[in-house]
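Here is what each chain is made of, one letter per residue.
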Amino acid sequence: MKDSKLPSLWNLEEDRLHSNCRIFEVRKQRFIRKSDGLRGDFFVLDTNDWVNVLALTRNDELVLVRQFRYGSKEFSLEPPGGVVEKGEDPVFAGLRELQEETGYTGKDPKLLGVVRPNAAILSNRCHIVLVRDVEKTSGLSFDQHEELVTERYQVSKLKEMISQGEITHSIGLNAILMLLLELKL
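The following refers to the structure shown.

### Observations regarding the packing of aromatic side chains
Point 1. In total, this model carries four aromatic pairs according to the counting rule given.
Point 2. Note on Phe 31 and Phe 42: the rings are 6.0 Å apart at their centroids and 65° apart in plane angle, and the pair reads as edge-to-face. Of the two residues, Phe 31 is situated in strand β2 (residues 25–33) and Phe 42 in strand β3 (residues 39–46); the sequence distance between them amounts to 11 residues.
Point 3. Three or more aromatic residues joined by ring pairs form one cluster here, namely Trp 10, Phe 31 and Phe 42.

Written as structure tokens, this is what we have:
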């Protein structure tokens, strides 16, 4: 049962640039808790929204990409995706990223939902886009630091892959959960 009392709201009192790191800014923000006036300084990464694309083939295969991730220093299997440019429609960004990273295009793009990648330290959102009947129609167009391998997996195998630790990227897992809910699997 949900408790009717909410925690106290914190109001932003001060916001300043701490560091500009090319793809994100680190902001030092001072908040004050409304209930008792307690102040605290917090660091927030401010960056563009992202998009993850759930690209389904006619044969119920999900298109995933495998790439090296610098934070974990490991290869990661995840849905294709990337940055939503300022003012860009997230669905359009998803279609663009899908084509650039995999060479696939498809039909009936649909925004399944929006998640907060890590609300504790990130200001942005990640948009989850479903595209159906995808097929490879073009070559690849990687960004300077990208090198991805495209792989396809049966949707029916996704739960098993997740339980075996083959897919561990948290935002990708959020996207796959939304896909499974959409498909009622």
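Picking up where we left off.
### A few points about helix α1 (residues 90–102)
Spacing of three or four residues puts side chains on the same side of an α-helix, whose turn is 3.6 residues.
Point 1. Here α1 contains 13 residues, and its C-alpha end-to-end distance of 18 Å stays within 8% of the 18 Å for a straight helix at 1.5 Å per residue.
Point 2. Most of α1 is tucked away: 10 of the 13 residues are buried.
Point 3. Pro 90, Val 91, Ala 93, Gly 94, Arg 96, Glu 97, Leu 98, Glu 100, Glu 101 and Thr 102 are the residues of α1 that are buried.
Point 4. Check the buried side of α1 and you find it contacts β4 (50–56), β5 (61–69), β7 (81–83), β8 (104–115), β9 (126–136) and β10 (149–154).

### Focus on the sheet that holds β2
Point 1. Pairing is antiparallel in the open sheet, where three strands are placed in the order β1-β2-β3. Strand pairing shows two members of the sheet lacking a second neighbour, β1 (10–20) and β3, which therefore form its edges. Within the sheet, the average angular offset between the axes of one strand and its neighbour, ignoring direction, is 25°.
Point 2. Summarising the sheet, β2 and β3 pair through eight bridges and their orientation is antiparallel. Looking at the pairing, Glu 25 lines up with Asp 46 of β3.

### A word on a nonpolar patch on the surface
Point 1. A cluster of nonpolar side chains, contributed by Phe 68, Tyr 70 and Phe 75, occupies part of the molecular surface with about 380 Å² of accessible area.
Point 2. In this fold, Tyr 70 is placed in the loop between β5 and β6 (74–78).

### Some words on the pattern of salt bridges
Once their charged atoms are close, side chains differing in charge can pair, the charge on each being opposite to the other.
Point 1. Per the counting criterion, the structure on display carries 15 salt bridges.
Point 2. For Arg 58, the salt bridge goes to Glu 135, with nearest N and O atoms at 3.3 Å. Residue Arg 58 is located in the loop between β4 and β5, and its partner Glu 135 is located in strand β9; the two are separated by 77 residues in the primary sequence.
Point 3. Assessed through its relative accessible area of 41%, Glu 135 is described here as partly exposed.
Point 4. Note that Arg 66 and Glu 151 form a salt bridge whose closest N and O atoms lie 2.7 Å from each other. Of this pair, Arg 66 sits in strand β5 while Glu 151 sits in strand β10, and the two are 85 residues apart along the sequence.
Point 5. The class of Arg 66 is partly exposed, set by a relative accessible area of 30%.
Point 6. Assessed through its relative accessible area of 16%, Glu 151 is described here as buried.
Point 7. One network of salt bridges, in which partners are shared, links Glu 88, Arg 96, Glu 97 and Glu 100.

### Details of the nonpolar core
Point 1. Core analysis: the largest hydrophobic core is formed by 20 residues, its most contacted members being Leu 54, Leu 62, Leu 158, Ile 167, Ile 176 and Leu 179.
Point 2. Counting residues per element, the ones that place at least two in this core are β4, β5, β9, α2 (158–163) and α3 (170–182).
Point 3. Of the residues forming this core, the biggest block, six residues, is contributed by α3.
Point 4. Those residues in contact with Ile 167, other than ones at most four positions away along the chain, are Leu 64, Leu 77, Leu 158, Met 161, Ile 162, Leu 173 and Ile 176.

Parameters and conventions
Residues numbered from 1 in each chain as written. Predicted model: local features only at pLDDT ≥ 70, side-chain atom pairs only at ≥ 80, totals over all residues. Heavy atoms only, no water. Phe/Tyr/Trp six-rings, centres within 6.5 Å; stacked < 30°, edge-to-face > 60°. Helix = DSSP H or I, 4+ residues; strand = E, 2+ residues; numbered from the N terminus. Expected span 1.5 Å × (residues − 1). Buried < 20%, exposed > 50% of the residue type's maximum accessible area, 1.4 Å probe, protein only. Contact = heavy atoms within 4.5 Å. Pairing = 2+ DSSP bridges. Axes fitted to C-alpha atoms, helices over the stretch in contact; angles between N-to-C directions. Patch = residues over 30% accessible without salt bridge, like charges linked within 9 Å, V, L, I, M, F, W, Y side chains within 5 Å. Areas by Shrake-Rupley, 256 points an atom, 1.4 Å probe, with all protein chains shown as cover. Salt bridge = Lys/Arg side-chain N within 4 Å of Asp/Glu carboxyl O. Core = buried A, V, L, I, M, F, W, Y, C linked by side-chain atoms within 4.5 Å.

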